[in-house]
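Observations on chain architecture
As a plain string of letters, each chain reads:
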Amino acid sequence: MHIDSVQHLDEKRLMKAIWGKVYQLFGEVGASQTALSKIDYNEEQAILVIRCSHKRLESTIAATAAITEVDDEASIALRVVAVSGTLKALRNKLSKRQC
Amino acid sequence: MKNLIDLHLHLPLGKKEETEDMLHVASELGYKSVGIPLPKRSRQDLTNDLRKVCISHGLDLITRVDLSPKSPKDLIRDLRQLRRRFELVSVNCQSKAVARQAAKDHRVDLLVFPSINPRQRFFDLAEARLASQGLAALEVEMASLLRHCGSHRVRLISCLRKEVAIAKRLKVPIVISSNAHDIYEMRGSHEQISLATLFDLESNLAREAVTRVPMSIVKRNREKLSPSYVARGIRVVRRGKSCDE
């Protein structure tokens with residue numbers, strides 16, 4: 001996902017915001033089904049790589065798309081850059097986009 | 001995704017830099033056309049300038065007017081004055097009488113229900129029946145989902161779920177637009193489709209709601225606004241000398 005924000009955001013705050021939104025929209029049971037975890041965060045390129053269950057892909061994207069601010073202050077938009085089943089294919093997709 | 005359209009991008013027309021930013025983001029997100037609401041009394045040069053800026057970002061401008069009439073009479077008057085000046089006409093239905101008139105009027109393209117109060121959203125079975133006989137589509141604005149939170153959002157999702165179910169049942173076209181006021185409210189097609197699953201709109205229908213449905217509305221209206229259009233089913237194919245000569 002590409003993070004569009006004027007403020008500098010560290011990965012802890014980002015993941016807290018994502019988890020918060022997943023809880024808010026789907027509750028604890030729904031959140032547990034997403035199997036959400038952070039894989040990588042490139043601060044320079046503002047690219048966050050997360051893993052989730054493929055059965056809950058739409059829910060996870062909906063939750064990240066619903067985030068408009070972090071800690072009630074920083075305006076933010078998380079936008080999907082690429083989705084893939086394996087990290088290798090994902091990195092290939094990302095490198096192709098950068099080319 | 002091909003032919004991705006956002007029919008409602010709320011540009012701050014007085015602020016050049018922000019306008020450029022939003023159009024740039026729209027282009028980056030893969031949109032091909034954007035619908036921009038213009039003031040009712042907007043001049044042609046404003047539209048021309050905006051069209052040039054859109055073209056510079058690789059976007060096709062769709063001119064749009066948002067009507068908020070207080071009574072059916074006001075709506076009919078506005079439609080008579082404005083229909084041929086804009087490619088898209090949307091109506092903010094703030095009363096039942098206006099909603100009914102808008103649904104049955106063939107000059108209305110989009111029905112918008114801005115309130116989150118279920119009693120002030122008038123897209124019920126009767127409304128959908130009228131809309132399905134006319135040409136109006138139900139517009140779902142995603143920014144309202146992003147702006148509200150807590151119990152307000154719960155109510156909004158619940159209303160949208162009911163309205164989408166009614167629209168699907170009576171085959172009323174559904175259009176998903178952003179109504180973004182800044183770049184942080186703009187979302188790509190994948191996000192729009194995922195957000196639509198919150199109110200039980202299936203992925204294939206949501207995909208059509210951001211591509212095929214808005215495209216067909218714009219195509220239909222552009223055809224009607226073209227000089228070769230005479231009436232429904234009749235258009236000028238070739239201009240030349242009279243047959244008698």
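Rules behind the numbers
- Residues numbered from 1 in each chain as written.
- Chains lettered and ligands numbered in written order.
- Predicted model: local features only at pLDDT ≥ 70, side-chain atom pairs only at ≥ 80, totals over all residues.
- Helix = DSSP H or I, 4+ residues; strand = E, 2+ residues; numbered from the N terminus.
- Rg over C-alpha atoms; globule rule 2.2 N^0.38 Å.
- Buried ≥ 20, exposed ≤ 12 C-beta atoms within 10 Å, placed from the backbone.
- Contact = placed C-beta atoms within 7 Å.
- Core = buried A, V, L, I, M, F, W, Y, C linked by C-beta atoms within 7 Å.
- Expected span 1.5 Å × (residues − 1).
- Arc of directions from axis to C-beta.
- Pairing = 2+ DSSP bridges.
- pLDDT = per-residue confidence, 0-100.
- Nonpolar A, V, L, I, M, F, W, Y, C, P; charged D, E, K, R; others polar.
- Axes fitted to C-alpha atoms, helices over the stretch in contact; angles between N-to-C directions.
- Parallel < 35°, antiparallel > 145°, perpendicular 65-115°, else oblique.
- Left-handed = near helix turned anticlockwise from the far one by under 90°.

Looking at the overall build of chain B
Secondary structure summary: chain B contains 10 helices and nine strands in total. Against the globule reference of 18 Å for 245 residues, chain B gives a C-alpha radius of gyration of 18 Å, in line with a compact fold. Referenced to the eigenvectors of the C-alpha coordinate spread, the extents of chain B come out at roughly 70 × 45 × 35 Å. Within the span of chain B, comprising 245 residues, buried residues form 42% of the whole. In chain B, the share of contacts with a sequence separation of at least 24, taken over all contacts with a separation of at least 6, comes to 71%.

Some details on the nonpolar core
Grouped together as the largest cluster of nonpolar side chains are 92 residues, with contacts concentrated most on Ala26, Ala102, Leu111 and Ile174 of chain B. A total of five residues in this core trace back to one element, the largest contributor, which is helix H1 (residues 11-34) of chain A. Ignoring sequence-local partners within four residues, the contact set of Leu111 of chain B consists of Val91, Cys93, Ala99, Ala102, Ala103, Phe123, Ala131, Ala136, Leu138 and Glu139 of chain B.

Let's talk about helix H10 (residues 212-225) of chain B
Residue and element names in this part refer to chain B. Between the first and last C-alpha of H10 there are 20 Å, a value that for 14 residues agrees with the 20 Å anticipated at 1.5 Å per step. Taken together, the buried positions of H10 are Val213, Pro214, Ile217, Val218 and Asn221. Each buried residue of H10 lies within a common arc of 130 degrees when the element is viewed along its axis, so the set occupies one face. Seen from the open side of H10, the exposed residues pointing more than 90 degrees away from its buried face are Lys219 and Glu223.

Here's the deal with the sheet that holds strand S6 (residues 137-141) of chain B
Hydrogen bonds between backbone groups are what pair the strands of a sheet, and the pairing can be parallel or antiparallel. Residue and element names in this part refer to chain B. The parallel open sheet is built from seven strands, whose spatial order is S1-S2-S3-S4-S5-S6-S7. Strands with a single pairing partner mark the edges of an open sheet, and in this sheet they are strand S1 (5-6) and strand S7 (174-177). Relative to S6, strand S5 (residues 110-112) runs parallel, the two sharing two bridges. In the strand pairing of S6, Leu110 is matched with Ala137.

Focus on the confidence of the model for chain A
Scored by pLDDT, chain A has a mean of 91; 99% of the residues are at 70 or more. The secondary structure element of chain A with the lowest average pLDDT is helix H3 (residues 87-98) of chain A, at 87, and the one with the highest is helix H2 (residues 57-65) of chain A, at 95.

Observations regarding the environment of Val175 of chain B
All names here are of chain B. Relative to the elements of secondary structure, Val175 occurs in strand S7. What makes Val175 buried here is the crowd of 25 C-beta atoms within 10 Å. For the pair formed by Val175 and Val98, sequence separation is 77 residues and the distance between their alpha carbons is 20 Å. Discounting residues that sit within four places of it in the chain, Val175 has contacts with Leu7, Leu110, Ala137, Glu139, Ala209, Val213 and Pro214.

Quick look at the interface of chain A and chain B
Contacts between the two partners involve 12 residues from chain A and, on the opposite side, 15 residues from chain B. Its residues assigned to classes, the side of chain A that touches chain B comprises seven nonpolar, two polar and three charged.

Quick word on unusual backbone geometry
Glycine aside, residues mostly have negative phi, and peptide bonds are mostly found in the trans state. Positive phi outside glycine occurs at Lys171 of chain B, with the angle close to 55 degrees. Within the secondary structure layout, Lys171 of chain B lies in the loop between helix H7 (151-169) and S7.

Some remarks on the packing of H1 of chain A against H2 of chain A
Residue and element names in this part refer to chain A. Across the interface, H1 lies against H2 with an axial gap of 8 Å and an inter-helix angle of 165 degrees. With respect to H2, the axis of H1 lies roughly antiparallel. Viewed along their axes, H1 and H2 form a crossing whose handedness is right-handed. Where H1 abuts H2, its residues Ile18, Lys21, Val22, Leu25, Phe26, Gly30 and Thr34 lie against Ser59, Thr60, Ala62, Ala63 and Thr64. Counted by class, the contact of H1 with H2 contains six nonpolar, five polar and one charged residues.

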